[in-house]
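# Structural overview
Here is what each chain is made of, one letter per residue.
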Amino acid sequence: QAFKFKGCLVIAMTKRKRKPQDEEQALHGPRQKRACFEDVGSKGHGGLPPYPEGFPRDAPKGDELNVMMQMDFHGKVHLVSRANEGNVDWTALEAATVLGFDTETRPVFQKSAPRNPPALLQLAVEAECWIFQLLPPVGVSDATFRRLQNLLESPTIVKAGVGMLDDYRDLGLFHMPSMSLACGVLDLQEIVKPYGLKSTGLRALAAMFLCRRIAKSQQTSDWGKAQLSQAQLWYAAVDAWAGWRLCGILRGLFDGSERWAPPRKLTITNA
């Protein structure tokens, strides 16, 4: 069950048959995690540049959306599991100034069912996307989790995406229990927030500012499978790469947006 607490996003594990505390925490981590952006002060939105000319304020829908070209990622996709994690080019990831960021989680269809852990973590640059499998038996090792956590915490690498509090909270809850402070986190919704747009999800932003349609066909597929389909890999790569692409486009269109939407620090605590 998810709820809000003082502006923070909190996830609560559904109560089930009682297990010993150590066993329960080994399976699920702490019962709750809370993720919050640190206050960066009241810089305000004074002196905002005008809304960019020629771009819609409402996300296209229906036929208007369907006639748009579908967004494609033409770069190299690396699916990383425990079996091949030794081949990851960490130099490329650690040298990036911006990483498009996203996660994929097996959906829950019953209202009372507990939330599933993230199954994939995707990180993208201009021409490459790394898709890390997180769940056993094929999920990456503890050593790779530590390197991923270092990337997510790094103040020198911007992680750009949408719904970042949710993703970081769940990664901390299920996979990286020692992650308590992350830097360089840019939720792209913050860039357009002062303009009062009605829809600012990833697909809405891509349609409005990239004139591209992001397909939703794989959104509710089983991301926990050991063998992912080509359609799933393509979908996951596009979602992360869209974050990378939108970061550059939105920064260019909204001049000075670093003033009101800088990369921020994010804290993750036990609730």
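Look up: the structure comes first, before these words.
The sections below set out a description of the structure shown in this document. None of these values were measured; they are calculated from a predicted model.

## Considering the pattern of salt bridges
Throughout the structure, instances matching the rule amount to 6 salt bridges. Between Arg169 and Asp166 there is a salt bridge whose closest N-O contact spans 3.6 Å. Of this pair, Arg169 and Asp166 both sit in helix α5 (residues 164–174), separated by 3 residues, roughly a single helical turn. The exposure class of Arg169 is buried, given its relative accessible area of 3%. The residue Asp170 makes a salt bridge to Arg169 at a minimum N-O spacing of 3.0 Å. Each member of the pair, Asp170 as well as Arg169, carries the same accessibility label: buried. Connected through shared salt-bridge partners, Arg115, Asp166, Arg169 and Asp170 make up one network.

## What about helix α4 (residues 142–153)?
Over its 12 residues, α4 runs 16 Å from end to end, which matches the ideal 16 Å to within 8%, given 1.5 Å per residue. Considered for burial, the residues of α4 that qualify are Thr144, Phe145, Leu148, Gln149, Leu151 and Leu152. Each buried residue of α4 lies within a common arc of 155 degrees when the element is viewed along its axis, so the set occupies one face. Along α4, exposed side chains directed more than 90 degrees from the buried face belong to Asp142, Arg146 and Asn150.

## Examining the nonpolar core
Among the nonpolar cores identified, the biggest contains 44 residues, and Met71, Leu188, Leu205, Phe209, Leu246, Leu250 and Phe254 are the most heavily contacted of them. The biggest single contributor to this core is helix α8 (residues 230–253), with 11 residues. Those residues in contact with Leu246, other than ones at most four positions away along the chain, are Leu188, Leu202, Leu205, Ala206, Phe209, Leu210 and Arg251.

## Some points on the packing of aromatic side chains
Summed over the entire model, instances satisfying the criterion amount to 12 aromatic pairs. Residues Phe73 and Trp241 carry aromatic rings whose centres are separated by 5.8 Å and whose planes lie at 45 degrees to one another, so their mutual orientation is tilted. In this pair, Phe73 sits in the loop between β4 (69–70) and β5 (76–80) while Trp241 sits in helix α8, placing the two residues 168 residues apart along the sequence. Assessed through its relative accessible area of 9%, Phe73 is described here as buried. The exposure class assigned to Trp241 is buried, which follows from its relative accessible area of 15%. What links up through ring pairs into an aromatic cluster is the set Tyr51, Phe55, Tyr195, Phe209, Phe254 and Trp260. The ring centre of Tyr51 lies 4.3 Å from the NZ or CZ of Arg57, which sits over that ring.

## Observations regarding the pairing of strand β12 (residues 264–270)
Strand direction decides the pairing type here: strand β3 (residues 32–37) and β12, joined by 5 bridges, are antiparallel. Paired with Lys33 across the bridge in β12 is Asn270. Two elements, strand β10 (residues 181–187) and β12, share 3 bridges in a ladder whose sense is antiparallel. Directly across from Leu181, in β12, lies its bridge partner Thr267.

## Points about the side chain of Ser81
With respect to the element layout, Ser81 can be found in the loop between β5 and α3 (90–94). Apart from residues lying up to four places away in sequence, Ser81 is in contact with Gln133, Val138 and Val140.

## Looking at helix α7 (residues 202–209)
Buried residues dominate α7, accounting for 7 of its 8 residues. What α7 keeps buried is the set Leu202, Ala204, Leu205, Ala206, Ala207, Met208 and Phe209. Contact partners of the buried residues in α7: α2 (62–66), α6 (189–192), β11 (212–213) and α8. Two residues or fewer after α7 comes Cys211, characterised by a positive phi angle close to 55 degrees.

The rules behind the values
- Residue indices begin from 1 for each chain and proceed along its sequence in written order.
- Confidence filtering applies because this is a predicted model: local features only for residues at pLDDT of at least 70, side-chain atom pairs given and counted only at 80 or more, and all residues used for totals across whole chains, interfaces and linings.
- Hydrogens and water molecules were not included; the side-chain quantities draw on all heavy atoms of the structure.
- Any carboxyl oxygen of Asp or Glu that lies within 4 Å of a side-chain nitrogen of Lys or Arg is treated as forming a salt bridge with it.
- Secondary structure elements are defined from DSSP: runs of H or I of at least 4 residues count as helices, runs of E of at least 2 residues count as strands, and each element is numbered from the N terminus.
- For every residue, the accessible area (1.4 Å probe, protein chains only) is compared with the maximum for its type, and the residue is labelled buried under 20%, exposed over 50%, or partly exposed between those bounds.
- How far a helix is expected to stretch is found by multiplying one less than its residue total by 1.5 Å.
- The arc in question is formed by the directions pointing from the helix axis toward the C-beta atoms.
- Definition of nonpolar core: a set of buried residues of the types Ala, Val, Leu, Ile, Met, Phe, Trp, Tyr and Cys, connected through side-chain atoms within 4.5 Å.
- Residue contacts are defined here by distance: any two heavy atoms, one from each residue, within 4.5 Å place the two residues in contact.
- Centre distance within 6.5 Å is the pairing criterion for rings of Phe, Tyr and Trp, where only the six-membered ring of Trp is used; planes under 30 degrees apart are then read as stacked, over 60 as edge-to-face, and the remainder as tilted.
- In this scheme, the term charge over a ring applies when either NZ of a lysine or CZ of an arginine sits within 6 Å of the ring centre and within 35 degrees of the ring normal.
- In this analysis, strands are considered paired if DSSP registers two or more bridges between them.

Function cannot be read off these values alone, since they describe shape.
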